[in-house]
Amino acid sequence: MLGLKLPTDPRWVNIVEKNIEDILTDHAYCEQKATSTAISLIVSFPEYTELVQEMVALVKEEISHFKMVHDKIIENGWTLGRDRKDDYVVQLLKFFPKGGSRTTQLVHRLLYAALIEARSCERFRLLSEELQDKELAEFYRKLMVSEANHYTMFLGFARQYGDRQEVDKKWNELLEYEAEIMTNLSIGETIHG
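The written sequence of each chain sets the order in which its residues are numbered from 1. It should be noted that, the model being predicted, local features are given only for residues of pLDDT at least 70 and side-chain atom pairs only at 80 or more, the latter also being counted only at that level, while totals for whole chains, interfaces and linings use all residues. The side-chain quantities take in all heavy atoms of the structure and omit both hydrogens and water.

### A few points about the packing of helix 5 (residues 102-130) against helix 7 (residues 164-183)
Between helix 5 and helix 7, the least distance of the axes is 11 Å, while the angle of their chain directions is 45°. Overall, the two elements helix 5 and helix 7 adopt an arrangement that is oblique. Pair helix 5 / helix 7 crosses with right-handed handedness. Residues Thr104, Val107, His108, Leu111, Tyr112, Ala114, Leu115, Arg119 and Arg123 of helix 5 pack against Val167, Lys170, Trp171, Leu174, Leu175, Glu178 and Met182 of helix 7. For this classification, Asp, Glu, Lys and Arg are treated as charged, while Ala, Val, Leu, Ile, Met, Phe, Trp, Tyr, Cys and Pro are nonpolar and the rest, including Gly, are polar. For the contact of helix 5 with helix 7, the residue count by class is 10 nonpolar, 2 polar and 4 charged. Lines are fitted to the C-alpha atoms to define the axes, a helix being fitted only along its stretch in contact, and any angle between axes, read from their N-to-C directions, falls within 0 to 180 degrees. Here a helix means four or more residues in a row that DSSP labels H or I, a strand means two or more in a row labelled E, and each is numbered from the N terminus. Oblique is the label for any angle not under 35 degrees, not over 145, and not in the 65 to 115 range, which are roughly parallel, roughly antiparallel and roughly perpendicular in turn. Helix crossings are classified by the rotation of the near helix relative to the far one: an anticlockwise turn of less than a right angle makes the crossing left-handed, while a clockwise turn makes it right-handed. We call two residues in contact when some of their heavy atoms are within 4.5 Å.

Shown next as C-alpha cells:
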C-alpha cells in the first residue's frame, strides 16, 4: 500500500528497544516538525482553501501526537532531549531541484510530506508488531493508522494540484531515491534512520 521500495530491516527494532529514550525524543521532534510543515503549507499556499482546511486539522492532530509522545517520555521519568539533525529528511530534500512554479513547489513539498509519512507509517507498523513492550507496541499501532491517513492525504493533494501523470512519475522517482537513502540509514536510533 505504501509503495516503499525498500522495507526497513526488522533488526532496526532491536536498536529501538535498546534506545527507547532516544527514539521517543526523536519521535517527539518528528511530530513537532510535522506540525511545522502543516503550518508552513498554510503560510506558503493560503489560496488553496481545501489544503488549508486539512492542514489546520493536521496541526491539531500532530501537536496532540507530540503531547502523547512527550507524555510517554515523562511517564518513564525522562525529559525531552535535544533535537538532532534528521539525516533522512536532509538527504530526501535534495531530490527535487529548487525553484519552479508555485504549483511545482507545492507538489514537491506534498510529495516529500507523503513519503515521510509513509516511512513513518511503515516504521510504526514494525514497532507495533515487534516491540516486546506491548503497551508501547499498541501506542505505535494507533499512530500507524494516523500516519497512513496523512500519507494518502498528501499524495492525494499532490495528484489533485499537479498533473496526475507527471506527479506519479515524480512520486516513483522519489520512491527509488528514498530506497537508496534507506540502504545507509536503517541502523540508527531514530524514527527515520
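That was the structure; now back to the text.
### Considering the packing of helix 6 (residues 134-161) against helix 7
One can describe the packing of helix 6 onto helix 7 by two numbers: an axis separation of 8 Å at closest approach and a directional angle of 135°. Of the possible angle classes, the one that applies to helix 6 and helix 7 is oblique. Only Arg164, Val167, Asp168 and Trp171 of helix 7 make contact with helix 6, whose side of the interface consists of Tyr151, Leu155, Ala158 and Arg159. Considering only residue class, the contact of helix 6 with helix 7 consists of 5 nonpolar, no polar and 3 charged.

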